[in-house]
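Okay, here's what each chain looks like letter by letter:
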Amino acid sequence: GYTVCNDSKEVLLVALAQKGGGKAVSRGWWTVHAGACAKAVTTPLSSDAVYLLAQRKSGASIVTGPERFCITAAAFEIPGVGHCKTRGLAEAGFTRTAAKGRSGYVARIGPVGLVK
């Protein structure tokens with residue numbers, strides 16, 4: 001699975017995206033309290049990468065990246081990538097986390113972003 005741990009001192013909102021088999025999907029939001037972890041994917045990972053976006057409650061991104069996926073302000077599960085605005089959705093940058101060959105992954109987020 002995929003677990004996100006919040007090592008910062010504030011509540012974070014987390015979204016994930018995956019690509020595989022010619023399909024992509026983005027999902028969010030998980031609320032991860034300070035000092036806590038959230039299991040976002042409970043099945044073994046099958047894709048080479050999981051893409052991560054983490055925001056503060058204010059909406060400011062703390063983990064972002066170059067891969068663009070569609071999001072909404074409310075809880076979401078959005079198939080496909082691209083054409084977000086024409087589909088009535090927002091778009092955000094996600095960072096790639098390497099999951100290749102792993103059945104599970106833990107992403108740790110500190111006060112200034114992803115902890116390597």
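Scroll up for the structure.
The model shown is predicted, which means the values in this text are computed figures rather than measured ones. (Residues numbered from 1 in each chain as written. Predicted model: local features only at pLDDT ≥ 70, side-chain atom pairs only at ≥ 80, totals over all residues. Heavy atoms only, no water.)

(A) Local environment of the overall build of the protein. Scanning the protein from terminus to terminus reveals zero helices and 11 strands. Listing the helices and strands of the protein from first to last along the sequence gives β-β-β-β-β-β-β-β-β-β-β. Relative to a compact globule of 116 residues, whose C-alpha radius of gyration would be 13 Å, the protein shows 13 Å and is just as compact. Its C-alpha atoms give the protein principal-axis dimensions of roughly 35 × 35 × 20 Å. Buried positions account for 46% of the 116 residues belonging to the protein. Considering only residue pairs separated by 6 or more positions, the protein has 67% of its internal contacts joining residues 24 or more positions apart. (Helix = DSSP H or I, 4+ residues; strand = E, 2+ residues; numbered from the N terminus. Rg over C-alpha atoms; globule rule 2.2 N^0.38 Å. Buried < 20%, exposed > 50% of the residue type's maximum accessible area, 1.4 Å probe, protein only. Contact = heavy atoms within 4.5 Å.)

(B) Structural context of the sheet that holds strand β10 (residues 105-110). Across the sheet, which stays open at both edges, the four strands sit in the order β4-β1-β10-β11 with mixed pairing between neighbours. The sheet is open, and its two borders are formed by β4 (37-41) and β11 (113-115), each paired with just one other strand. Averaged over neighbouring strand pairs, the angle between their axes works out to 30° when direction is ignored. Both strand β1 (residues 2-6) and β4 contribute to a ladder of four bridges, which runs antiparallel. By the bridge assignment, valine 4 is partnered in β4 with alanine 38. (Pairing = 2+ DSSP bridges. Axes fitted to C-alpha atoms, helices over the stretch in contact; angles between N-to-C directions.)

(C) Quick peek at the state of the cysteines. Taken as a whole and judged by the stated rule, the model has two disulfides. Through a disulfide, cysteine 5 is tied to cysteine 37; the S-S separation comes to 2.0 Å. Since a negative S-S torsion denotes a left-handed disulfide, the cysteine 5-cysteine 37 link at about 105° is right-handed. Taken together, the positions of cysteine 5 in strand β1 and cysteine 37 in strand β4 put the pair 32 residues apart, joining distant regions of the chain. A sulfur-sulfur distance of 2.0 Å marks the disulfide that ties cysteine 70 to cysteine 84. An S-S torsion of about -90° defines the bridge between cysteine 70 and cysteine 84 as left-handed. (Disulfide = S-S within 2.5 Å.)

(D) Quick look at the packing of aromatic side chains. Within the structure shown, the criterion is met by four aromatic pairs. Their ring planes at 85° and their centres at 5.6 Å tell us that tryptophan 29 and phenylalanine 76 sit as a pair that is edge-to-face. Highlighted residues: tryptophan 29 in strand β3 (residues 23-32) and phenylalanine 76 in strand β8 (residues 76-79), separated in sequence by 47 residues. Owing to a relative accessible area of 18%, tryptophan 29 belongs among the buried residues under this scheme. Overall, phenylalanine 76 belongs to the buried group, its relative accessible area being 9%. Summarising the aromatic geometry, the rings of tyrosine 51 and phenylalanine 69 are spaced 5.3 Å apart at their centres and angled 45° between planes, so their arrangement reads as tilted. Separated by 18 residues along the polypeptide, tyrosine 51 in strand β5 (residues 49-56) and phenylalanine 69 in strand β7 (residues 67-71) bring together distant segments of the chain. Phenylalanine 69 matches tyrosine 51 in its accessibility class, with the two residues each being buried. A network of ring pairs unites the aromatic residues Tyr51, Phe69 and Phe94 as a single cluster. (Phe/Tyr/Trp six-rings, centres within 6.5 Å; stacked < 30°, edge-to-face > 60°.)

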